[in-house]
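Coordinate inspection notes
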Amino acid sequence: MSGSVPTSIDVEPPPFQPRPMPPPAPAGQIRASELAARSPIAGLRHVGLGVPDLRQACAFYEGVWGLYRVADDRDVVFLGSVGSPEPYIVRLRQAHAKRVDIIAFAGRSRAAVDALAADLAVSGVRLVREPGEQDTPGGGYGVRFFDLDGRLIEVSVDVRAKPFRSLEAGESVPQKLSHVVVNSTDIAATMAFYERFLGFRLSDWLTNRMAFLRCSTDHHSLAIAQRTRVSLNHVSFEMRGIDEYLRGTGRLIRHGHAPAWGPGRHSAGDNTFSYFADPHGNVVEYTTELEKIVDEDAWTPRVWPGTPDYYDQWGTAGGLEDLYALDSQSEADSGLWTPAPI
């Protein structure tokens, strides 16, 4: 080498080039804060599943997934989370065929439940159970009705909390139920139903085929996917943090449950994901760090593209083939327009 070596380097490092933000979604007709103010609900409570083999389903959700039994009654088992005050977040029932029994939300007050029931009734929505006292674990006061697609929905208040505690570092069990995603044959109509009666607000779109809806500060508690049949897309469970999320993912793998997709990180919601199939083909997800929306009107919904660099920011999840295969094998929900027996 000839010449002298400079004693200082003045070349600036290249700047970080973030991915461009996708375009905003078309503005809704009603401000998000107005929808929030009149919403009768405050969050997601639990999901009930009918399963052909209750013992097999319990072995998975108790023995591997990380929930624990809080009550049972004949052919129904109620499973809680260590970190959640909800009496239970999953209900399993012995059934002839796989189905979604119920999706339950927390109401704001008894008056809100009564007003919701009256609104539904005068609008021609079929009530399955008039507002009244509940006989499930935790009790409370609630109403049940069918949504536009025939799913059984419950909104309840004054439910007694169960004992719970903060999860410890490294404790890789679900902290709470995060969100539920359903499949619909008419995403716009189903979305309009949940906006109109339950006050959900749009957080984001994934192309024009999935709408992410919120009823609290969580980016989404419900999402609706456009599909050829009405069915369950997946149920998601929030973990304590990234380390616990990865530990839980690893536990499933060690028990012979390969991820259908993941681990990875979404763009819409900015949450991590690892998707698995339960013994009956229901898709369940471990997630964490779901985005929070504190200011309703300051949030701008986006239309996120369905390209690999956006649907998995990390690029670690692999292809979607297994997840799509599970979805293509699913049949229309056998429980539509049929109330669960409990």
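Residues numbered from 1 in each chain as written. Predicted model: local features only at pLDDT ≥ 70, side-chain atom pairs only at ≥ 80, totals over all residues. Heavy atoms only, no water.

A closer look at the packing of aromatic side chains
Heads up, the condition is: Two rings from Phe, Tyr or Trp (for Trp, the six-membered ring) form a pair when their centres sit within 6.5 Å of each other. Planes less than 30 degrees apart are called stacked, planes more than 60 degrees apart edge-to-face, and all others tilted. A simple rule labels every residue: compare its accessible area, found with a 1.4 Å probe on the protein chains alone, to the largest value its type can have, and call it buried under 20%, exposed over 50%, or partly exposed in between.
Summed over the entire model, instances satisfying the criterion amount to 17 aromatic pairs. Ring geometry for Tyr-194 versus Phe-200: centroids 5.8 Å apart, planes at 80°, classification edge-to-face. Like Tyr-194, the residue Phe-200 is buried in the burial classification. On the basis of an interplanar angle of 55° and a centroid distance of 6.0 Å, the ring pair of Trp-304 and Tyr-310 is categorised as tilted. On the accessibility criterion, Tyr-310 (10% relative accessible area) is buried. Three or more aromatic residues joined by ring pairs make a cluster, and in this case those are Phe-60, Tyr-61, Trp-65, Phe-237, Phe-276 and Tyr-286.

Observations regarding the pairing of strand S9 (residues 176–184)
Note the following rule: The helix and strand labels rest on DSSP assignments: H or I over at least four residues marks a helix, E over at least two residues marks a strand, and numbering proceeds from the N terminus. Pairing between strands is defined by DSSP: at least two bridges between the two strands are required.
Here S9 lies mainly inside the structure; eight of its nine residues are buried. Bridging between S9 and strand S13 (residues 231–238) involves seven bridges; their strand directions are antiparallel. Pairing of Leu-177 across the sheet is with Phe-237, part of S13. With five bridges connecting them, S9 and strand S12 (residues 222–226) associate as parallel partners. Considered in S12, the bridge of Ser-184 is made with Gln-226.

Thoughts on the sheet that holds strand S7 (residues 141–146)
Which entries qualify depends on this criterion: Interaxial angle, 0 to 180 degrees, is taken between N-to-C directions of lines fitted to C-alpha atoms, where a helix line uses only the stretch in contact. Contact definition: two residues touch when any of their heavy atoms are within 4.5 Å.
Ordered in space as S2-S3-S4-S1-S5-S8-S7-S6, the eight strands form an open sheet in which the pairing is mixed. Two strands in the sheet have a free side with no partner beyond their single neighbour: strand S2 (68–73) and strand S6 (127–133). Put simply, the sheet's adjacent strands are angled 20° from each other on average, direction ignored. Along the sheet, helix H2 (residues 54–65) makes contact with strand S1 (41–51), S2, strand S3 (76–80) and strand S4 (90–94), crossing S4 at roughly 160°. Along the sheet, helix H3 (residues 110–122) makes contact with S6, S7 and strand S8 (152–157), crossing S7 at roughly 25°.

Thoughts on the pairing of S3
The side chains of a regular strand alternate between the sheet's two faces. Here S3 lies mainly inside the structure; five of its five residues are buried. Of the two faces of S3, the one holding Val-76, Phe-78 and Gly-80 and the one holding Val-77 and Leu-79 are both buried throughout. Across five bridges, the pairing between S2 and S3 is antiparallel. In the sheet register, Asp-73 faces S3, and the bridge partner there is Val-76. Taking the residues between adjacent antiparallel strands as the criterion, S2 and S3 are bridged by two residues, where Arg-74 takes a positive phi near 55°.

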